[in-house]
Amino acid sequence: MFKLPVCPHCKTVYRYGDVKREMRKKKCVCYHCKGQFRAVKKKILFLFLIIALITAIFDVLELYMMKGASFVGLMITNVTALTVGFFLIPFFVSFKKK
Ligand SMILES: [Zn+2]
């Protein structure tokens, strides 16, 4: 399910750190074939929608299951989920030909 994006021209697989760097550029040039492409970030929105949904479910579970559930506990759950989300961003980027 989790796949890092590949160059649309030569199918070179980009590493995690490379994807993060390419994402910030408007115009990307493949380091392998010099082909031009752009990073499409549409799926990141989808990723955070899923995270929001899962977090909401966990919040509710935490409130019902744990007697000592506190605001701080919920915040920790939410921040953890968001952090995980940020680490997953490169997996939800795709590269498209210009
Ligand atoms: Zn390439």
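No experiment lies behind these values; they were computed from the predicted model shown. (Residues numbered from 1 in each chain as written. Predicted model: local features only at pLDDT ≥ 70, side-chain atom pairs only at ≥ 80, totals over all residues.)

Student: Before we go on, may I ask you to explain the environment of K26 in this structure?
Tutor: Looking at the secondary structure, you find K26 in the loop between helix 1 (16-23) and strand 1 (28-29). Overall, K26 belongs to the exposed group, with 6 C-beta atoms counted inside 10 Å. For the pair formed by K26 and C10, sequence separation is 16 residues and the distance between their alpha carbons is 20 Å. (Helix = DSSP H or I, 4+ residues; strand = E, 2+ residues; numbered from the N terminus. Buried ≥ 20, exposed ≤ 12 C-beta atoms within 10 Å, placed from the backbone.)

Student: What should I look at first to understand the nonpolar core in this one?
Tutor: Soluble, globular proteins show a tendency: their nonpolar side chains are buried together. In this structure, C7, Y14, V19, C28, F37, A39, F92, V93 and F95 together form the largest nonpolar core, which totals nine residues. Sequence-distant contacts of F95, that is, excluding residues within four places in its chain, are made with P5, V6, C7, P8, C28, F37 and A39. (Core = buried A, V, L, I, M, F, W, Y, C linked by C-beta atoms within 7 Å. Contact = placed C-beta atoms within 7 Å.)

Student: How should I be thinking about the pairing of strand 2 (residues 36-40) in this particular structure?
Tutor: Residues of strand 2 alternate between two faces, with F37 and A39 buried on one and Q36, R38 and V40 left unburied on the opposite face. In this sheet, strand 2 lies alongside strand 1 in antiparallel orientation, the contact comprising two bridges. Opposite C28, over in strand 2, you have F37 as the bridge partner. The loop that links strand 1 with its antiparallel partner strand 2 comprises six residues; one of these, K34, has a positive phi angle of about 65°. Relative to strand 3 (residues 94-97), strand 2 is paired through four bridges, and the arrangement is antiparallel. When the bridges of strand 3 are listed, A39 appears paired with F95. (Pairing = 2+ DSSP bridges.)

Student: Help me understand the packing of helix 2 (residues 42-65) against helix 3 (residues 71-88), please; the structure alone is not making it clear to me.
Tutor: Angle between the axes and distance between the axes: these two values describe a pair of packed helices. Running from amino to carboxyl end, helix 2 crosses helix 3 at an angle of 160°, the nearest separation of the two axes being 10 Å. When the axis of helix 2 is compared with that of helix 3, the two are roughly antiparallel. Of the two possible hands of crossing, helix 2 and helix 3 adopt the one that is right-handed. Here L47, F48, I51, I54, T55, F58, D59 and E62 of helix 2 come into contact with helix 3, specifically with G73, L74, T77, N78, A81, L82, G85 and L88. (Axes fitted to C-alpha atoms, helices over the stretch in contact; angles between N-to-C directions. Parallel < 35°, antiparallel > 145°, perpendicular 65-115°, else oblique. Left-handed = near helix turned anticlockwise from the far one by under 90°.)

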